[in-house]
Number of protein chains: 2
Amino acid sequence: MSRILEPLTIGKVARLAGVGVETIRFYEREGLIEEPPRSASGYRQYSKEAVARIRFIKRAKELGFSLKEIKELLELRIDPETTCEDIRNRAKAKIEDIDRKIDSLLKMKSVLERLMATCRGREPVSECPILEALEDREK
Amino acid sequence: MSRILEPLTIGKVARLAGVGVETIRFYEREGLIEEPPRSASGYRQYSKEAVARIRFIKRAKELGFSLKEIKELLELRIDPETTCEDIRNRAKAKIEDIDRKIDSLLKMKSVLERLMATCRGREPVSECPILEALEDREK
DNA sequence: CTTGACTCTGTAGTAAAGTATAGGGTTTAA
DNA sequence: TTAAACCCTATACTTTACTACAGAGTCAAG
């Protein structure tokens, strides 16, 4: 019930988010997560939101976003003096970027599916040269 | 008509693929593209397929694949002594990975779309805190 | 009340993926 | 026929994103 009252140490956050302790301090230095409050002895005290934020950073990296781009994504909400119009423009650009990524992934997927469909049994691979397509028609 | 007879130099390939000359030599050393034939004076001679291959590498990187993973994707066709069964298994794993990426991107996209929809006019941003969702429900 | 597992700051080292430079040969267009 | 613009190898440097100490303080279990 009262889990907000029990702040997480950096080690617990690291375990929950699946990263190392040093990585969290690194993200803090880089401005990807804000400096958390400290205990009397100087220990960082995190809330559960920090875990979600770090997991998001981790996943976004796996999707090909750089830390710089991820910071921009995260800043699509904290900025205190940006207009909604500005936010909308930035969000639109990100959506377009995401759409392009999805397109490329779908293309890769369909080529792999064709490969699987054509490549049956246990004949040698030279009989399955469908992947030519994967390397073509990119825009 | 006879464009196969005119091989491309490394500089032309680099320009066509949108990378630097050094990057191509680096990919060759890393085994991502095979060593091309050489001219009498030792110049590398590329075909247009090389351009497609390098473009594919470039795009796959932007989708969050490491060079090691990209190599695996490209090897889904050249190997001369793999069975189709093996290829099918490897392709299946790649498709699953791609599906997970697409899922995450769709999730990010829908959150950004909700942000744009909610955030109208020119009110300050604190009125648009929809992005909370972006940081959650990953899995 | 101590010992082992934390935490802190600060700095240094690493892996991946390029990018640049040195020192040399080649092609081509004026 | 020469100078700009290429290419070659080999090696060194850079950037991004961590990862690993060193040296010191803190906390919690037995």
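Preceding this section is the structure that the text describes.
Since the structure is predicted, the reported quantities are computational estimates derived from the model, not experimental observations.

Undergrad: I'd love a proper account of the overall build of chain A, names of residues and values included.
TA: In terms of helices and strands, chain A carries 5 helices and 0 strands. Each helix (α) and strand (β) of chain A, taken in turn from the N terminus, gives the series α-α-α-α-α. Of all 139 residues assigned to chain A, the portion counted as buried reaches 40%. Excluding contacts between residues fewer than 6 apart, the proportion of contacts in chain A whose partners are at least 24 apart in sequence is 44%. Roughly 8300 Å² of accessible area belongs to chain A as shown, and the carbon and sulfur atoms make up 51% of that amount.

Undergrad: Explain the side chain of B:Lys94 to me, and be specific about the residues and the numbers.
TA: Along the chain, the position of B:Lys94 falls in helix α5 (residues 84-118). A distance of 2.8 Å separates polar atoms of two side chains, one belonging to B:Lys94 and the other to B:Glu72. With residues up to four places along the chain from it excluded, the contact list for B:Lys94 reads A:Leu112, B:Glu69, B:Glu72, B:Leu73 and B:Leu76.

Undergrad: If you had to explain the protein's contact with DNA strand C to someone new, which residues and values would you point to?
TA: Within the structure, DNA strand C sits among 17 residues, and A:Gly11, A:Arg25, B:Ser41, B:Tyr43 and B:Lys61 are positioned closest to it. Atoms of DNA strand C within 4 Å of the protein: sugar and phosphate make up 77%, bases the balance. At 3.4 Å from a sugar or linking oxygen of DNA strand C is found a side-chain nitrogen or oxygen belonging to A:Tyr43. Within the contact set of DNA strand C, a phosphate oxygen lies 2.4 Å away from a side-chain nitrogen or oxygen of B:Lys61. Those elements giving two or more residues to the surface near DNA strand C turn out to be α1 (10-17) of chain A together with α2 (21-29) of chain B. With 4 residues, α2(B) is the largest single contributor of residues to the surface near DNA strand C. Grouping the constituent residues of the surface near DNA strand C by class yields 6 nonpolar, 6 polar and 5 charged.

Undergrad: An account of the nonpolar core is needed here, citing residue identities and associated values.
TA: Of all hydrophobic cores here, the largest spans 70 residues; its most connected members are A:Ile24, A:Phe65, B:Ile24 and B:Phe65. Counting only domains with at least three residues in this core, you end up with domain 1 (1-63) and domain 2 (79-139) of chain A. Leave out the neighbours within four places in its chain, and A:Ile24 touches A:Ile10, A:Val13, A:Ala14, A:Val19, A:Ile33, A:Tyr46 and A:Ile54.

Undergrad: I'd love a proper account of the packing of helix α3 (residues 48-62) of chain A against α5(B), names of residues and values included.
TA: Contact pair α3(A) / α5(B): the axes reach a minimum separation of 10 Å and the direction vectors enclose 125 degrees. By the angle between their directions, the pair α3(A) and α5(B) is classed as oblique. Relative to α5(B), α3(A) is oriented so that their crossing is left-handed. Facing A:Phe56, A:Arg59 and A:Glu62 of α3(A), the residues of α5(B) in contact are B:Arg100, B:Lys101, B:Ser104 and B:Met108. Looking at side-chain class alone, the contact of α3(A) with α5(B) contains 2 nonpolar, 1 polar and 4 charged residues.

Undergrad: Would you mind going over the protein's contact with DNA strand D in detail, with residue names and values included?
TA: Not every one of the 17 residues close to DNA strand D is listed here, only the nearest: A:Tyr27, A:Ser41, A:Lys61, B:Gly11 and B:Arg25. Contacts to DNA strand D include A:Ser41, whose side-chain N or O atom sits 2.6 Å from a phosphate oxygen. Measuring from a base nitrogen of DNA strand D, one finds a side-chain N or O atom of A:Tyr43 at 2.7 Å. Contributions of two or more residues to the surface near DNA strand D are made by α2 (21-29) of chain A together with α1 (10-17) of chain B. Per-element accounting of the surface near DNA strand D gives the leading share, 4 residues, to α2(A). Taken together, the residues of the surface near DNA strand D sort by class into 6 nonpolar, 6 polar and 5 charged.

Undergrad: Tell me about the side chain of A:Ser104, residues and numbers included.
TA: Relative to the helices and strands, A:Ser104 resides in helix α5 (residues 84-118). Excluding residues within four positions of it along the chain, A:Ser104 makes contact with B:Arg59 and B:Leu63.

Undergrad: Explain the packing of α1(B) against helix α3 (residues 48-62) of chain B to me, and be specific about the residues and the numbers.
TA: Residues and elements named next belong to chain B. Between α1 and α3, whose axes approach to 9 Å, the crossing angle comes to 45 degrees. Judged by the angle between their axes, α1 and α3 are oblique. Handedness of the α1/α3 crossing: right-handed. Between α1 and α3, the residues in contact are Val13, Leu16 and Ala17 and Val51, Ile54, Arg55 and Lys58, respectively. When grouped by side-chain class, the residues that make up the contact of α1 with α3 number 5 nonpolar, no polar and 2 charged.

What counts, and where the lines are drawn
- Residues numbered from 1 in each chain as written.
- Chains lettered and ligands numbered in written order.
- Predicted model: local features only at pLDDT ≥ 70, side-chain atom pairs only at ≥ 80, totals over all residues.
- Heavy atoms only, no water.
- Helix = DSSP H or I, 4+ residues; strand = E, 2+ residues; numbered from the N terminus.
- Buried < 20%, exposed > 50% of the residue type's maximum accessible area, 1.4 Å probe, protein only.
- Contact = heavy atoms within 4.5 Å.
- Areas by Shrake-Rupley, 256 points an atom, 1.4 Å probe, with all protein chains shown as cover.
- Polar contact = N/O pair within 3.5 Å; in protein donor to acceptor, adjacent residues only side chain to side chain.
- Near = heavy atom within 4 Å.
- Nonpolar A, V, L, I, M, F, W, Y, C, P; charged D, E, K, R; others polar.
- Core = buried A, V, L, I, M, F, W, Y, C linked by side-chain atoms within 4.5 Å.
- Domains from an automatic or database assignment.
- Axes fitted to C-alpha atoms, helices over the stretch in contact; angles between N-to-C directions.
- Parallel < 35°, antiparallel > 145°, perpendicular 65-115°, else oblique.
- Left-handed = near helix turned anticlockwise from the far one by under 90°.

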